[in-house]
Amino acid sequence: MRHNEYLLDKSYFEKVAALFNKGQSDPQKILVVEHAAINSLDFIDYLCEHYEVYFIPKPKSIDRKVLKHLSKTCTILDVSRKELAGVDTPNLIKEIVGQDTFAIIDIGGYFVPRLSDIQKQFKGQLVKIIEDTENGYQKYEDKLSNNSISVPILSVARSSLKIEEDFLVGHEIVVKSEIFLADYGTTLLGKKVLVIGYGKVGSSIAGNLRKRGAIVIVADKRAIRLANALAHGYQITNDIYTELIDVDIVYIANGEKSIDTLQLKKLDLKHTLYSFSVTSADDTFKNSQMINKLPHYGHNGGYKILKTKSNRTVILANSGNAINFTYSISTLASYVQLTQAEMAVILQKDISGEENQGIVELNENDREKIAKEWLAEIFEVPRFKIEVQHLLY
């Protein structure tokens, strides 16, 4: 298994957790949806030392060596997002947890479709659900607005500790897409590019593209974000499909089914269109089943080809799935461990009384403690006592 010297080991999570008092609702078991990747390994290993862990790997980002390691320390569940959306999910959970208390760590709202059934059947057992991503945050938020939810829903998706991670995700997506384009004989320089979504990741993608000489156009359904993009010097549009006809590359920087595959297929493209996603094809494309049925080509994630009305092609990098999980080890390094540590703290904190209060987040004072410990580990000092001038010079 390939080593990443820029990751902190699991002792970092132990040190962070020790800064906070444990609550009485500390769960016995945890169902974790997570990437089976190097930068998740130490976090999962930490969880396995304190809880009985049932690990659901995200299918499009599996490192087989990581999965093999984790199979020795926790139970791997071979279950898909589609299966978790089915009516049998409460029974599956019952077989796992029995009468024990448990928590769920989710990525992308895997448990949202059956949330009402789960919270009713496991009242008093399911002590909290933690969501890691903005895409999942929005799904739980929609569920909360339409239903009476009694289990606490917590999130790190909008945490101040995630700012660095989101920025680096955008950077990594551009780096990996640049490698992909080089593999197939072209570059970002001078390309006309559409970025769909100008949130934390999308704005990072746009900035990194501009540094590489691309001509960037931004689309977003929110007027505020379009105003931000315009103020940052980008061209803007609210007509995605008209813009797609003439651009060279599109980056879909959200998980809101922003592009309908049926409409994409009908476009009269002027030339080949390269498509790069930041999440799964199922979350990126409406009617994604059309993509799933296409033949796969190439290596290092490869691609699929969608033919359009004009007989031009759409090159769907990594089969329409997140491009940042291709080519090499993640470049996010230990920055992702900031929010992993936040989740470790949330797991052990007492959050009683916070039901029916919307999605709950850790306060900024607690996040500051986590960041100080992270810096202390990064700079290898007993505590964070580094003067500002030492960081600047």
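Up top you'll find the structure we're talking about.
The following paragraphs examine the structure supplied in this document. (Residues numbered from 1 in each chain as written. Predicted model: local features only at pLDDT ≥ 70, side-chain atom pairs only at ≥ 80, totals over all residues. Heavy atoms only, no water.)

When you go through the protein residue by residue, the secondary structure sums to 17 helices and 17 strands. The C-alpha extent of the protein, read off along each of the three principal axes, is 60 × 60 × 40 Å. Sorting the 393 residues of the protein into buried and exposed places 54% on the buried side. When contacts within the protein are restricted to residue pairs at least 6 apart in sequence, long-range pairs at least 24 apart make up 72% of them. Accessible surface computed for the protein: about 17,800 Å², of which carbon and sulfur atoms make up 50%. With 48 positive and 50 negative side-chain charges, the protein shows a separation of 6 Å between the mean positions of the two kinds. (Helix = DSSP H or I, 4+ residues; strand = E, 2+ residues; numbered from the N terminus. Buried < 20%, exposed > 50% of the residue type's maximum accessible area, 1.4 Å probe, protein only. Contact = heavy atoms within 4.5 Å. Areas by Shrake-Rupley, 256 points an atom, 1.4 Å probe, with all protein chains shown as cover. Lys, Arg positive; Asp, Glu negative; His and termini not counted. Charge placed at Lys NZ, Arg CZ, Asp CG, Glu CD.)

The subject of this paragraph is the sheet that holds strand E8 (residues 215-219). If you trace the eight strands from one edge of the open sheet to the other, you get E9-E8-E7-E10-E12-E16-E15-E14, paired in mixed fashion. Since the sheet does not close on itself, it has two edges, and those belong to strand E9 (235-237) and strand E14 (296-297), each with one partner. When strand E10 (residues 249-252) meets strand E12 (residues 273-277), the two strands line up parallel, connected through four bridges. In the strand pairing of E12, Ile252 is matched with Ser277. The sheet strands contacting helix H8 (residues 163-183) are E10, E12, strand E15 (303-307) and strand E16 (313-317), and the helix crosses E12 at an angle near 145°. Strand contacts of helix H10 (residues 223-231): E8 and E9, with the helix running at about 160° to E9, the strand carrying the most contacts. (Pairing = 2+ DSSP bridges. Axes fitted to C-alpha atoms, helices over the stretch in contact; angles between N-to-C directions.)

Ordered by their spatial adjacency, seven strands build an open sheet running E3-E2-E1-E4-E5-E6-E17, and the pairing between neighbours is parallel. The sheet terminates laterally at strand E3 (75-76) and strand E17 (359-360), the two strands that pair on one side only. Here six bridges tie strand E1 (residues 29-34) to strand E2 (residues 52-57), and the two strands are oriented parallel to one another. Within E2, the residue paired with Val33 across the bridge is Ile56. Set on the sheet, helix H2 (residues 38-50) makes contact with E1, E2 and strand E4 (102-106); between it and E1 the angle comes to about 170°. Docked against the sheet, helix H15 (residues 336-348) engages E1, E4, strand E5 (126-131) and strand E6 (153-155), running at close to 165° with respect to E5.

With that settled, the discussion passes to the packing of H15 against helix H16 (residues 364-378). Closest axis-to-axis distance for the H15/H16 pair is 10 Å, and the angle between their directions is 130°. The angle between H15 and H16 places the two elements in the oblique class. Pair H15 / H16 crosses with right-handed handedness. The residues of H16 that touch H15, namely those facing Leu338, Ala341, Glu342 and Val345, are Arg367, Ile370, Ala371 and Trp374. Here the residues of the contact of H15 with H16 sort into six nonpolar, no polar and two charged. (Parallel < 35°, antiparallel > 145°, perpendicular 65-115°, else oblique. Left-handed = near helix turned anticlockwise from the far one by under 90°. Nonpolar A, V, L, I, M, F, W, Y, C, P; charged D, E, K, R; others polar.)

The subject of this paragraph is the packing of aromatic side chains. Counted by the stated rule, this structure contains 13 aromatic pairs. When the centroid spacing of 5.8 Å and the interplanar angle of 35° are considered together, the rings of Phe13 and Tyr46 count as tilted. Of the two residues, Phe13 sits in helix H1 (residues 11-18) while Tyr46 sits in helix H2, which places them 33 residues apart along the sequence. Neither Phe13 nor Tyr46 differs from the other in exposure class; each is buried. Between Phe180 and Phe276, the ring centres sit 5.6 Å apart and the planes meet at 85°, which makes this aromatic pair edge-to-face. A residue pair is termed long-range when its members are at least 10 positions apart, and Phe180 in helix H8 and Phe276 in strand E12 qualify at 96 residues. Three or more aromatic residues joined by ring pairs form one cluster here, namely Phe180, Tyr184, Tyr251, Tyr274, Phe276, Tyr297 and Tyr303. Taking NZ or CZ as reference, Arg158 lies 3.8 Å from the ring centre of Tyr137, over its face. (Phe/Tyr/Trp six-rings, centres within 6.5 Å; stacked < 30°, edge-to-face > 60°. Lys NZ or Arg CZ within 6 Å of the ring centre and 35° of its normal.)

As a further point, take the nonpolar core. Ranked by size, the top nonpolar core spans 44 residues in total, and within it Tyr12, Ile44, Leu47, Ile105 and Ile370 carry the most contacts. The residues touching Ile44, leaving out its near neighbours within four places in the chain, are Val32, Glu34, Phe55, Leu70 and Cys74. Core analysis: the next-biggest nonpolar cluster, separate from the first, contains 30 residues, Phe180, Leu188, Ala214 and Ala229 among them. (Core = buried A, V, L, I, M, F, W, Y, C linked by side-chain atoms within 4.5 Å.)

Let us now look at unusual backbone geometry. Negative phi characterises most residues that are not glycine, and trans characterises most peptide bonds. With phi around 60°, Asn287 is a residue other than glycine that occupies positive phi space. Note on placement: Asn287 falls in the loop between strand E13 (285-286) and helix H14 (289-292). For Asn287, a relative accessible area of 21% gives the class partly exposed. If you check the backbone angles, Ser319 has positive phi at about 60° while not being a glycine. Looking at where Ser319 falls in the secondary structure, it is placed in the loop between E16 and H15. Take Ser319: its relative accessible area is 11%, and that puts it in the buried class.

Turning our eyes to something else, we now look at the environment of Asp268. Tracing the backbone shows Asp268 in the loop between helix H12 (261-266) and E12. Here Asp268 falls in the partly exposed class, since its relative accessible area comes to 46%. Among residues more than four places away in sequence, those in contact with Asp268 are Ile245 and Ser310.

What follows covers the pairing of E10. Residues Ile249 and Tyr251 of E10 are buried on one face, and the alternating residues Val250 and Ile252, pointing to the opposite face, are buried as well. Summarising the sheet, strand E7 (residues 192-196) and E10 pair through four bridges and their orientation is parallel. Within the sheet, the bridge partner assigned to Val193 lies in E10 and is Ile249.

The analysis is restricted to geometry; functional conclusions fall outside its scope.
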